[in-house]
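Descriptive structure summary
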Amino acid sequence: MKRLIDAFWNSVDGFRFLARHEKAFRQECMLLMIALIVAVPIAEDWRGYALLISVILILMLVEALNTGIEKACDALSTTFDERIKVAKDCGSLAVLIASIIAAWTWGLAVIDWWLGY
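Residues numbered from 1 in each chain as written. Predicted model: local features only at pLDDT ≥ 70, side-chain atom pairs only at ≥ 80, totals over all residues. Heavy atoms only, no water.

Along the chain, the position of Thr67 falls in helix α3 (residues 46-76). Residue contacts for Thr67: discarding those within four places in its chain leaves Phe17, Leu18 and Glu22. (Helix = DSSP H or I, 4+ residues; strand = E, 2+ residues; numbered from the N terminus. Contact = heavy atoms within 4.5 Å.)

Rendered as structure tokens:
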């Protein structure tokens, strides 16, 4: 049980760091707060609501992992290294893909809601 409690507090520390130092993560937190409200009338049922909220949470998850990659790379070297650039670029691509998935999911849900499907 102690391991779970320690892991929880490590996660809280990670959230605090991201919330204080990463503008993109703060924006995604605001997006989540808005989504929690806006998804209610848009979603047809609890499954649709869960999907709409989950894609935002997945975006936040990928953002957290990307920041972890960036911080680890920065700790390894302050000079340019092509391998570190690739690692950071791949993390950035992951955030872009998660953003596209979230936008696509929300876009389709809004279109269905707008058209009354």
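By volume, the largest pocket amounts to about 220 Å³. Looking at side-chain class alone, the lining of the largest pocket contains eight nonpolar, two polar and three charged residues. (1 Å grid on protein atoms, 1.4 Å probe; cavity = no way out; pocket = protein on both sides within 12 Å on 5 of 7 lines; lining within 4 Å. Points joined across faces, edges and corners; volume = space filled by probe spheres on them. Nonpolar A, V, L, I, M, F, W, Y, C, P; charged D, E, K, R; others polar.)

The geometry of helix α1 (residues 2-21) relative to helix α2 (residues 23-42) is characterised by a closest axis approach of 6 Å and an angle of 100 degrees between their N-to-C directions. Taken together, the axes of α1 and α2 lie roughly perpendicular to each other. Contacts between α1 and α2 involve Phe15, Leu18, Ala19, Arg20 and His21 from the former and Lys23, Phe25, Arg26 and Cys29 from the latter. Residues that form the contact of α1 with α2 fall into these classes: five nonpolar, one polar and three charged. (Axes fitted to C-alpha atoms, helices over the stretch in contact; angles between N-to-C directions. Parallel < 35°, antiparallel > 145°, perpendicular 65-115°, else oblique.)

Bringing the nonpolar core into the picture now. Ranked by internal contacts, the top residues of the largest apolar core, which has 16 residues, are Leu52, Ile56, Met60 and Trp106. Where this core is concerned, the elements lending two or more residues are α2, α3 and α4 (82-115). Apart from residues no more than four positions distant in its own chain, Ile56 is found in contact with Glu28, Leu31, Leu32, Ala35, Ala102 and Trp106. (Core = buried A, V, L, I, M, F, W, Y, C linked by side-chain atoms within 4.5 Å. Buried < 20%, exposed > 50% of the residue type's maximum accessible area, 1.4 Å probe, protein only.)

Describing an aromatic ring pair means giving the distance of the ring centres and the angle of the ring planes. In the structure shown here, the tally under the stated rule is three aromatic pairs. Arranged with centres 5.0 Å apart and planes meeting at 75 degrees, the rings of Phe8 and Trp9 form a pair that is edge-to-face. By relative accessible area, Phe8 is classed as partly exposed at 46%. Judged by centre distance (6.3 Å) and plane angle (65 degrees), the ring pair of Trp113 and Trp114 falls under edge-to-face. (Phe/Tyr/Trp six-rings, centres within 6.5 Å; stacked < 30°, edge-to-face > 60°.)

So, on to the packing of α2 against α3. Packing of α2 against α3 brings their axes to within 9 Å, and their N-to-C directions diverge by 175 degrees. Overall, the two elements α2 and α3 adopt an arrangement that is roughly antiparallel. Here α2 contributes Ala24, Phe25, Glu28, Cys29, Leu31, Leu32, Ala35, Leu36, Ala39, Val40 and Ile42 to the contact with α3, which in turn contributes Tyr49, Leu52, Ile53, Ile56, Leu57, Leu59, Met60 and Glu63. When grouped by side-chain class, the residues that make up the contact of α2 with α3 number 17 nonpolar, no polar and two charged.

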